[in-house]
Amino acid sequence: AGLPRIGAPRRASAIDAYLPFILETLEKFPTLTATRLHGMVKERGYVGSVDHFRHFIALHRPKPKREAYLRLRTLPGEQSQVDWGHFGTLEIGRAHRALMGFVMVLSWSRMIYVRFFLGAHMENFLRGHVGAFNAWGGLTRVVLYDNLKSAVLERQGQAIRFNPTLLEFAGFHRYEPRPVAVARGNEKGRVERAIRYIRDAFFAGRTFTSLEDLNAQAEAWMTGAAADRCCPEDKTLTVREAFAQEQKHLLMLPDNPYPTDEQVAVKIGKTPYARFDLNDYSVPHDYVQRTLTVSADLNQVRLLNGQ
(Lines give C-alpha, C1' and ligand atoms only; values in the text may rest on other atoms or scores of the structure.)
Protein backbone atom coordinates (compact mmCIF):
# COMPACT_ATOMS: atom_id res chain seq x y z
CA ALA A 1 0.00 0.00 0.00
CA GLY A 2 3.04 2.31 -0.17
CA LEU A 3 3.52 2.43 3.62
CA PRO A 4 6.86 1.80 5.38
CA ARG A 5 7.52 -1.84 6.21
CA ILE A 6 6.62 -2.73 9.83
CA GLY A 7 9.02 -4.81 11.89
CA ALA A 8 12.75 -5.45 12.02
CA PRO A 9 14.80 -4.21 9.05
CA ARG A 10 15.34 -6.80 6.34
CA ARG A 11 18.67 -8.59 6.35
CA ALA A 12 20.93 -8.64 3.30
CA SER A 13 19.94 -11.26 0.74
CA ALA A 14 21.48 -12.88 -2.31
CA ILE A 15 18.69 -11.27 -4.36
CA ASP A 16 19.96 -7.74 -3.63
CA ALA A 17 22.64 -7.94 -6.33
CA TYR A 18 19.94 -8.63 -8.94
CA LEU A 19 17.40 -6.12 -7.62
CA PRO A 20 18.11 -3.38 -10.24
CA PHE A 21 17.62 -5.89 -13.06
CA ILE A 22 14.40 -7.23 -11.44
CA LEU A 23 12.89 -3.77 -10.94
CA GLU A 24 13.80 -2.69 -14.48
CA THR A 25 12.24 -5.86 -15.95
CA LEU A 26 9.06 -5.51 -13.89
CA GLU A 27 8.71 -1.91 -14.99
CA LYS A 28 8.74 -3.01 -18.63
CA PHE A 29 6.69 -6.18 -18.10
CA PRO A 30 4.59 -5.75 -14.93
CA THR A 31 2.62 -8.99 -15.49
CA LEU A 32 5.70 -11.20 -16.01
CA THR A 33 5.37 -14.33 -13.85
CA ALA A 34 7.75 -14.88 -10.96
CA THR A 35 8.73 -18.29 -12.37
CA ARG A 36 9.82 -16.75 -15.69
CA LEU A 37 11.67 -13.95 -13.89
CA HIS A 38 13.40 -16.52 -11.67
CA GLY A 39 14.69 -18.29 -14.77
CA MET A 40 16.03 -15.01 -16.18
CA VAL A 41 17.81 -14.18 -12.90
CA LYS A 42 19.12 -17.75 -12.58
CA GLU A 43 20.82 -17.36 -15.98
CA ARG A 44 22.66 -14.39 -14.47
CA GLY A 45 24.03 -16.40 -11.53
CA TYR A 46 21.28 -16.44 -8.88
CA VAL A 47 21.21 -19.72 -6.93
CA GLY A 48 18.23 -19.20 -4.60
CA SER A 49 15.02 -21.27 -4.58
CA VAL A 50 11.98 -20.27 -6.60
CA ASP A 51 9.63 -20.26 -3.56
CA HIS A 52 11.53 -17.52 -1.71
CA PHE A 53 11.93 -15.67 -5.02
CA ARG A 54 8.14 -15.64 -5.60
CA HIS A 55 7.59 -14.05 -2.18
CA PHE A 56 10.21 -11.41 -2.94
CA ILE A 57 8.66 -10.57 -6.33
CA ALA A 58 5.23 -10.17 -4.70
CA LEU A 59 6.71 -7.43 -2.50
CA HIS A 60 8.28 -5.54 -5.42
CA ARG A 61 5.79 -6.02 -8.24
CA PRO A 62 4.46 -2.58 -9.27
CA LYS A 63 0.87 -1.88 -8.29
CA PRO A 64 -1.54 -1.17 -11.17
CA LYS A 65 -2.40 2.46 -11.61
CA ARG A 66 -5.79 3.54 -10.36
CA GLU A 67 -8.09 4.70 -13.12
CA ALA A 68 -10.95 7.18 -12.85
CA TYR A 69 -14.17 6.60 -14.78
CA LEU A 70 -16.75 9.09 -15.96
CA ARG A 71 -20.39 8.52 -15.12
CA LEU A 72 -21.92 7.81 -18.52
CA ARG A 73 -25.18 9.60 -19.30
CA THR A 74 -27.37 9.32 -22.39
CA LEU A 75 -30.35 11.17 -23.79
CA PRO A 76 -33.75 9.54 -24.45
CA GLY A 77 -33.68 7.65 -27.73
CA GLU A 78 -29.93 8.11 -28.13
CA GLN A 79 -28.42 4.72 -27.31
CA SER A 80 -29.15 1.05 -26.73
CA GLN A 81 -26.74 -1.74 -25.80
CA VAL A 82 -26.61 -5.34 -27.04
CA ASP A 83 -24.92 -8.54 -25.89
CA TRP A 84 -25.37 -12.30 -25.68
CA GLY A 85 -25.81 -14.20 -22.43
CA HIS A 86 -25.13 -17.94 -22.11
CA PHE A 87 -27.81 -19.82 -20.19
CA GLY A 88 -26.55 -23.39 -20.32
CA THR A 89 -27.79 -26.03 -22.75
CA LEU A 90 -31.15 -27.35 -23.92
CA GLU A 91 -31.61 -31.03 -24.74
CA ILE A 92 -33.66 -31.64 -27.89
CA GLY A 93 -33.88 -35.29 -28.80
CA ARG A 94 -30.32 -36.59 -28.53
CA ALA A 95 -28.76 -33.19 -29.22
CA HIS A 96 -27.50 -30.73 -26.62
CA ARG A 97 -27.94 -27.20 -27.97
CA ALA A 98 -26.47 -24.02 -26.50
CA LEU A 99 -29.19 -21.85 -24.98
CA MET A 100 -28.25 -18.23 -25.75
CA GLY A 101 -30.13 -15.15 -24.61
CA PHE A 102 -30.11 -12.10 -26.88
CA VAL A 103 -30.39 -9.01 -24.65
CA MET A 104 -30.93 -5.41 -25.74
CA VAL A 105 -31.53 -2.60 -23.27
CA LEU A 106 -32.42 1.06 -23.80
CA SER A 107 -29.70 3.06 -22.06
CA TRP A 108 -31.99 5.82 -20.77
CA SER A 109 -35.20 4.09 -19.69
CA ARG A 110 -33.51 0.68 -19.08
CA MET A 111 -36.31 -1.16 -20.89
CA ILE A 112 -35.13 -4.74 -21.47
CA TYR A 113 -35.72 -7.02 -24.42
CA VAL A 114 -34.64 -10.67 -24.13
CA ARG A 115 -35.21 -13.57 -26.50
CA PHE A 116 -33.69 -17.04 -26.30
CA PHE A 117 -32.18 -18.84 -29.30
CA LEU A 118 -30.42 -22.13 -29.99
CA GLY A 119 -27.07 -20.60 -30.88
CA ALA A 120 -25.53 -17.16 -31.34
CA HIS A 121 -25.02 -17.19 -35.11
CA MET A 122 -25.60 -14.11 -37.25
CA GLU A 123 -29.18 -14.84 -38.28
CA ASN A 124 -30.29 -15.15 -34.64
CA PHE A 125 -28.34 -11.98 -33.83
CA LEU A 126 -30.33 -10.04 -36.45
CA ARG A 127 -33.62 -11.69 -35.42
CA GLY A 128 -33.02 -10.45 -31.88
CA HIS A 129 -32.56 -6.90 -33.17
CA VAL A 130 -35.74 -7.04 -35.26
CA GLY A 131 -37.70 -8.45 -32.32
CA ALA A 132 -36.53 -5.65 -30.01
CA PHE A 133 -37.26 -2.93 -32.60
CA ASN A 134 -40.77 -4.28 -33.18
CA ALA A 135 -41.45 -4.64 -29.45
CA TRP A 136 -40.46 -1.01 -28.82
CA GLY A 137 -41.95 0.43 -32.00
CA GLY A 138 -38.63 2.04 -32.98
CA LEU A 139 -34.89 2.07 -32.42
CA THR A 140 -32.15 4.29 -31.05
CA ARG A 141 -29.68 6.35 -33.07
CA VAL A 142 -26.69 4.40 -31.71
CA VAL A 143 -26.43 0.71 -30.82
CA LEU A 144 -23.45 -0.22 -28.66
CA TYR A 145 -21.78 -3.60 -29.16
CA ASP A 146 -19.11 -5.64 -27.50
CA ASN A 147 -16.22 -6.77 -29.72
CA LEU A 148 -17.98 -10.00 -30.73
CA LYS A 149 -17.51 -11.47 -34.21
CA SER A 150 -21.10 -10.70 -35.21
CA ALA A 151 -20.19 -7.01 -34.95
CA VAL A 152 -16.39 -6.56 -35.25
CA LEU A 153 -14.31 -8.89 -37.43
CA GLU A 154 -10.95 -7.23 -36.81
CA ARG A 155 -9.56 -4.35 -34.79
CA GLN A 156 -6.16 -2.66 -34.84
CA GLY A 157 -6.14 0.34 -32.49
CA GLN A 158 -8.81 2.74 -33.73
CA ALA A 159 -9.13 0.96 -37.10
CA ILE A 160 -12.21 -1.28 -37.02
CA ARG A 161 -13.42 -3.74 -39.66
CA PHE A 162 -17.13 -4.28 -39.07
CA ASN A 163 -19.02 -7.40 -40.03
CA PRO A 164 -20.46 -6.48 -43.48
CA THR A 165 -23.80 -8.15 -42.70
CA LEU A 166 -24.23 -5.97 -39.60
CA LEU A 167 -23.24 -2.85 -41.59
CA GLU A 168 -25.90 -3.67 -44.18
CA PHE A 169 -28.46 -4.24 -41.41
CA ALA A 170 -27.53 -0.95 -39.69
CA GLY A 171 -27.73 0.97 -42.97
CA PHE A 172 -31.16 -0.51 -43.65
CA HIS A 173 -32.43 0.75 -40.26
CA ARG A 174 -30.37 4.00 -40.32
CA TYR A 175 -28.58 3.66 -37.00
CA GLU A 176 -24.89 3.83 -36.05
CA PRO A 177 -23.25 0.59 -34.84
CA ARG A 178 -20.61 1.51 -32.27
CA PRO A 179 -18.23 -0.99 -30.59
CA VAL A 180 -16.95 -0.35 -27.08
CA ALA A 181 -13.25 0.13 -26.49
CA VAL A 182 -11.19 -2.99 -25.81
CA ALA A 183 -11.20 -4.04 -22.13
CA ARG A 184 -13.73 -1.32 -21.24
CA GLY A 185 -16.68 -3.28 -19.90
CA ASN A 186 -17.92 -0.20 -18.04
CA GLU A 187 -18.99 1.35 -21.36
CA LYS A 188 -21.66 -1.32 -21.79
CA GLY A 189 -22.46 -1.74 -18.11
CA ARG A 190 -26.20 -1.34 -18.70
CA VAL A 191 -26.53 -4.50 -20.76
CA GLU A 192 -24.13 -6.38 -18.46
CA ARG A 193 -26.32 -5.52 -15.47
CA ALA A 194 -29.43 -6.40 -17.49
CA ILE A 195 -28.06 -9.89 -18.21
CA ARG A 196 -27.23 -10.35 -14.53
CA TYR A 197 -30.74 -9.16 -13.62
CA ILE A 198 -32.28 -11.65 -16.08
CA ARG A 199 -30.25 -14.50 -14.56
CA ASP A 200 -31.27 -13.65 -11.00
CA ALA A 201 -34.83 -12.36 -11.38
CA PHE A 202 -36.12 -14.44 -14.30
CA PHE A 203 -34.09 -17.50 -15.25
CA ALA A 204 -33.03 -18.79 -11.82
CA GLY A 205 -35.22 -21.71 -10.72
CA ARG A 206 -37.53 -21.43 -13.76
CA THR A 207 -39.01 -24.48 -15.46
CA PHE A 208 -40.13 -24.59 -19.08
CA THR A 209 -41.18 -27.29 -21.53
CA SER A 210 -39.69 -25.91 -24.75
CA LEU A 211 -37.91 -22.95 -26.25
CA GLU A 212 -41.25 -21.44 -27.30
CA ASP A 213 -42.54 -21.77 -23.72
CA LEU A 214 -39.40 -20.08 -22.35
CA ASN A 215 -39.75 -17.16 -24.77
CA ALA A 216 -43.44 -16.78 -23.92
CA GLN A 217 -42.57 -16.59 -20.22
CA ALA A 218 -39.77 -14.12 -20.99
CA GLU A 219 -42.16 -11.85 -22.90
CA ALA A 220 -44.64 -11.84 -20.02
CA TRP A 221 -41.80 -11.04 -17.58
CA MET A 222 -40.43 -8.21 -19.78
CA THR A 223 -43.79 -6.47 -20.01
CA GLY A 224 -44.61 -7.20 -16.38
CA ALA A 225 -42.15 -7.36 -13.48
CA ALA A 226 -39.15 -6.05 -15.44
CA ALA A 227 -41.07 -2.99 -16.66
CA ASP A 228 -42.46 -2.20 -13.20
CA ARG A 229 -39.08 -1.94 -11.47
CA CYS A 230 -37.61 1.42 -10.49
CA CYS A 231 -35.76 3.30 -13.25
CA PRO A 232 -32.10 3.88 -12.27
CA GLU A 233 -31.92 7.16 -14.23
CA ASP A 234 -34.89 8.68 -12.38
CA LYS A 235 -35.95 7.07 -9.10
CA THR A 236 -39.36 8.76 -9.26
CA LEU A 237 -40.29 6.76 -12.38
CA THR A 238 -40.75 3.11 -13.17
CA VAL A 239 -39.07 1.67 -16.25
CA ARG A 240 -42.50 1.52 -17.93
CA GLU A 241 -43.11 5.24 -17.31
CA ALA A 242 -39.59 6.18 -18.44
CA PHE A 243 -40.03 4.11 -21.60
CA ALA A 244 -43.28 5.93 -22.39
CA GLN A 245 -41.24 9.18 -22.38
CA GLU A 246 -38.38 7.70 -24.41
CA GLN A 247 -40.51 5.95 -27.03
CA LYS A 248 -41.44 9.17 -28.80
CA HIS A 249 -37.71 9.91 -29.33
CA LEU A 250 -36.99 6.60 -31.08
CA LEU A 251 -36.32 6.39 -34.82
CA MET A 252 -39.12 5.06 -37.00
CA LEU A 253 -38.95 1.54 -38.40
CA PRO A 254 -38.64 0.94 -42.17
CA ASP A 255 -41.83 0.05 -44.03
CA ASN A 256 -40.51 -3.38 -45.09
CA PRO A 257 -38.91 -5.79 -42.60
CA TYR A 258 -35.28 -6.81 -43.04
CA PRO A 259 -34.94 -10.45 -44.26
CA THR A 260 -33.38 -12.62 -41.57
CA ASP A 261 -33.76 -16.05 -43.19
CA GLU A 262 -30.73 -18.29 -42.92
CA GLN A 263 -29.48 -19.38 -46.37
CA VAL A 264 -26.97 -22.22 -46.65
CA ALA A 265 -25.79 -24.23 -49.66
CA VAL A 266 -26.09 -28.01 -49.03
CA LYS A 267 -24.69 -30.80 -51.19
CA ILE A 268 -26.95 -33.81 -51.71
CA GLY A 269 -24.97 -37.03 -51.74
CA LYS A 270 -25.90 -40.45 -53.08
CA THR A 271 -28.86 -40.66 -50.68
CA PRO A 272 -31.73 -38.16 -51.17
CA TYR A 273 -31.27 -36.21 -47.92
CA ALA A 274 -30.12 -32.68 -47.13
CA ARG A 275 -28.27 -32.18 -43.83
CA PHE A 276 -29.10 -28.90 -42.05
CA ASP A 277 -28.95 -27.90 -38.38
CA LEU A 278 -28.42 -31.47 -37.10
CA ASN A 279 -31.41 -32.79 -39.09
CA ASP A 280 -31.84 -34.72 -42.35
CA TYR A 281 -34.51 -33.44 -44.77
CA SER A 282 -35.67 -35.64 -47.63
CA VAL A 283 -35.61 -34.46 -51.26
CA PRO A 284 -36.91 -36.08 -54.48
CA HIS A 285 -34.63 -38.88 -55.62
CA ASP A 286 -33.69 -37.14 -58.90
CA TYR A 287 -31.93 -34.36 -56.92
CA VAL A 288 -29.04 -36.55 -55.72
CA GLN A 289 -25.51 -35.37 -56.50
CA ARG A 290 -26.67 -31.74 -56.68
CA THR A 291 -26.17 -28.62 -54.58
CA LEU A 292 -29.37 -27.08 -53.23
CA THR A 293 -30.02 -24.02 -51.06
CA VAL A 294 -31.62 -24.18 -47.63
CA SER A 295 -33.68 -21.11 -46.72
CA ALA A 296 -34.87 -21.29 -43.12
CA ASP A 297 -36.57 -19.08 -40.57
CA LEU A 298 -37.58 -20.04 -37.03
CA ASN A 299 -40.75 -21.79 -38.22
CA GLN A 300 -40.06 -23.21 -41.68
CA VAL A 301 -37.27 -24.88 -43.64
CA ARG A 302 -37.36 -24.66 -47.45
CA LEU A 303 -35.09 -26.43 -49.96
CA LEU A 304 -34.58 -24.42 -53.16
CA ASN A 305 -33.15 -25.39 -56.54
CA GLY A 306 -31.74 -22.35 -58.32
CA GLN A 307 -34.03 -19.32 -58.00
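Before reading further, recall that the structure is shown in the block above.
Below is a summary of the structure that appears in this document. All figures in this text were calculated on a predicted structure; none of them were measured in a lab.

**Structural notes on helix α6 (residues 189–203)**
- For α6, spanning 15 residues, the distance from its first C-alpha to its last is 20 Å, which sits close to the expected 21 Å at 1.5 Å a residue.
- Three or more residues of α6 are buried, namely Gly189, Arg190, Val191, Ala194, Ile195, Ile198 and Phe202.
- Where α6 is buried, its residues touch β1 (79–92), β2 (95–106), β3 (112–118) and α7 (211–223).
- Phi turns positive one or two residues past the end of α6, at Gly205, with a value near 70 degrees.

**A few points about the pattern of salt bridges**
- Here the structure, examined in full by the defined rule, presents ten salt bridges.
- Between Lys28 and Glu24 there is a salt bridge, and its shortest N-O distance comes to 3.8 Å. Highlighted residues: Lys28 and Glu24, both in helix α1 (residues 19–28), separated by four residues, approximately one helical turn.
- For Glu24, a relative accessible area of 45% corresponds to the partly exposed category.
- Among the salt bridges present, the one from Arg97 reaches Asp277, with a minimum N-O distance of 3.0 Å. Within this pair, whereas Arg97 is found in strand β2, its partner Asp277 is found in the loop between β9 (273–276) and β10 (279–282), the two being separated by 180 residues in sequence.
- Overall, the relative accessible area of 15% leaves Arg97 in the buried class.
- Take Asp277: its relative accessible area is 42%, and that puts it in the partly exposed class.

Each value, and the rule that gives it
- Residues numbered from 1 in each chain as written.
- Predicted model: local features only at pLDDT ≥ 70, side-chain atom pairs only at ≥ 80, totals over all residues.
- Heavy atoms only, no water.
- Helix = DSSP H or I, 4+ residues; strand = E, 2+ residues; numbered from the N terminus.
- Expected span 1.5 Å × (residues − 1).
- Buried < 20%, exposed > 50% of the residue type's maximum accessible area, 1.4 Å probe, protein only.
- Contact = heavy atoms within 4.5 Å.
- Salt bridge = Lys/Arg side-chain N within 4 Å of Asp/Glu carboxyl O.

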